Amino acid sequence: MACIPTGSEKRERKMVSKNKKPHFGHESMHTHSQSIESAVVDQSKATAEDILHKTDMGHDVIAVRPADSIHKVTEVMKANGIGSVLVKDQNGHMVGILTERDIVRGFADEPDDTFDETAADLMTTNVVTATPQTSLMELLHLMTEGRFRHVPVLDGEHIAGLISIGDVVKFRLRELEYEALKLKQMIVG
Ligand code: AMP
């Protein structure tokens with residue numbers, strides 16, 4: 001089910017050499033500037049697991065049943081303040097994902113009948129998933145390439161969580177703030 005593009009390591013390596021800064025001649029300066037340089041060009045090493053832990057999204061992914069009406073799905077979304085739900089069968093297996101976007105599309109197509117349609121009618125069945133080891137950069141790639149904002153994280157058969165693009169951005173911003181602080185401390189000494 002997982003659809004993780006390969007080659008990101010190569011991409012990351014390319015970005016590192018492209019962004020490489022000239023170093024200074026003096027040996028101590030050289031060492032100092034090198035550590036600053038590696039901090040600047042360092043890509044995030046974070047994984048889906050880190051994001052789930054930091055954003056506390058790793059528990060109780062909200063799900064509905066395929067036969068649930070869209071009306072019920074909107075109530076579930078409203079009650080939980082979320083924009084997407086997983087669709088699981090009676091055995092707890094994920095059979096699809098349904099987001100606000102599917103519901104909006106449903107209303108545009110069938111304004112009068114959409115509330116009475118079922119989750120199975122509007123869900124996406126070909127769900128792209130990640131594993132706890134999927135990197136933050138891979139998650140962003142999956143979302144950008146697939147044009148969706150949610151990725152379920154599967155640990156084997158177990159659904160470990162659901163990561164939204166908002167979670168990824170929030171996590172990365174925190175990392176960048178921390179990196180900026182480290183750089184400031186390096187420069188100040
Ligand atoms: P979103 O941007 O997440 O609201 O989703 C946009 C469209 O992509 C909707 O049709 C969703 O059902 C679908 N979608 C959302 N997440 C995924 C995913 N992880 N894999 C495949 N399709 C998805």
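The shown structure was predicted, so the numbers you read here are calculated from the model rather than taken from an experiment.

**Digging into the overall build of the protein**
Reasoning step 1: If you tally the helices and strands in the protein, you get eight helices and five strands.
Reasoning step 2: Written out in order from the N terminus, the α and β elements of the protein read α-α-α-β-α-β-β-α-α-α-β-β-α.
Reasoning step 3: Counting the 189 residues in the protein, one finds 39% classified as buried.
Reasoning step 4: Restricting the contact set of the protein to residue pairs at least 6 apart, pairs at least 24 apart contribute 60%.
Reasoning step 5: When the accessible surface of the protein is split by element, carbon and sulfur atoms take 54% of a total near 11,900 Å².

**A look at the sheet that holds strand 1 (residues 63-64)**
In a beta sheet, neighbouring strands pair by backbone hydrogen bonds and run either parallel or antiparallel.
Reasoning step 1: Taken in spatial order, the three strands make up an open sheet running 1-2-3, and their pairing is mixed. Lying at the two open borders of the sheet, with one neighbouring strand each, are strand 1 and strand 3 (94-99).
Reasoning step 2: Note: strand 1 against strand 2 (residues 84-88), two bridges, orientation parallel. Note that in strand 2 the partner of A63 across the bridge is L86.

**Structural notes on the nonpolar core**
Reasoning step 1: Core analysis: the biggest nonpolar cluster contains 15 residues, and I51, L136, L139, V153, I163 and V168 have the highest contact counts within it.
Reasoning step 2: Those elements that provide at least two residues to this core are helix 3 (48-54), helix 7 (136-146), strand 4 (150-155), strand 5 (158-164) and helix 8 (165-188).
Reasoning step 3: At four residues, the largest contribution of residues to this core is made by helix 7.
Reasoning step 4: Sequence-distant contacts of L139, that is, excluding residues within four places in its chain, are made with A48, I51, A130, T134, V151 and I163.

**Brief notes about the confidence of the model for the protein**
Reasoning step 1: On average, residues of the protein score 82 in pLDDT, and 75% of them reach the 70 mark or higher.
Reasoning step 2: Predicted confidence is poor over residues 1-30, with pLDDT under 50, and the contacts of this stretch with residues over four places away or in other chains come to 30 contacts.

**Examining unusual backbone geometry**
Reasoning step 1: Its identity as a non-glycine residue notwithstanding, R147 has a phi of 55 degrees, on the positive side.
Reasoning step 2: Within the secondary structure, R147 is located in the loop between helix 7 and strand 4.

**Here's the deal with the site of the ligand**
Reasoning step 1: Not every one of the 15 residues close to the ligand is listed here, only the nearest: D102, T124, V128, R149 and H150.
Reasoning step 2: In this structure, T124 approaches the ligand through a side-chain N or O atom, which is 2.7 Å from an oxygen atom.
Reasoning step 3: R149 has a polar side-chain atom sitting 2.7 Å from an oxygen atom of the ligand.
Reasoning step 4: Looking at the shell around the ligand, the elements that each hand over two or more residues are strand 3, helix 5 (100-109) and strand 4.

**Considerations on the environment of A67**
Reasoning step 1: Locating A67 in the fold gives a position in the loop between strand 1 and helix 4 (70-80).
Reasoning step 2: By relative accessible area, A67 is classed as exposed at 64%.
Reasoning step 3: Each C-alpha atom of the pair A67 and D121 lies 8.8 Å from the other, and the pair is 54 residues apart in sequence.

**Here's the deal with the side chain of E117**
Reasoning step 1: Structurally, E117 is set in the loop between helix 5 and helix 6 (119-122).
Reasoning step 2: In this structure E117 is buried but unpaired, with R105 as the nearest side chain of opposite charge at 11 Å.
Reasoning step 3: Setting aside residues up to four positions removed in sequence, E117 forms contacts with D68, S69, I70 and L122.

Reading the values: rules and limits
Residues numbered from 1 in each chain as written. Predicted model: local features only at pLDDT ≥ 70, side-chain atom pairs only at ≥ 80, totals over all residues. Heavy atoms only, no water. Helix = DSSP H or I, 4+ residues; strand = E, 2+ residues; numbered from the N terminus. Buried < 20%, exposed > 50% of the residue type's maximum accessible area, 1.4 Å probe, protein only. Contact = heavy atoms within 4.5 Å. Areas by Shrake-Rupley, 256 points an atom, 1.4 Å probe, with all protein chains shown as cover. Pairing = 2+ DSSP bridges. Core = buried A, V, L, I, M, F, W, Y, C linked by side-chain atoms within 4.5 Å. pLDDT = per-residue confidence, 0-100. Near = heavy atom within 4 Å. Polar contact = N/O pair within 3.5 Å; in protein donor to acceptor, adjacent residues only side chain to side chain. Lys, Arg positive; Asp, Glu negative; His and termini not counted. Salt bridge = Lys/Arg side-chain N within 4 Å of Asp/Glu carboxyl O.

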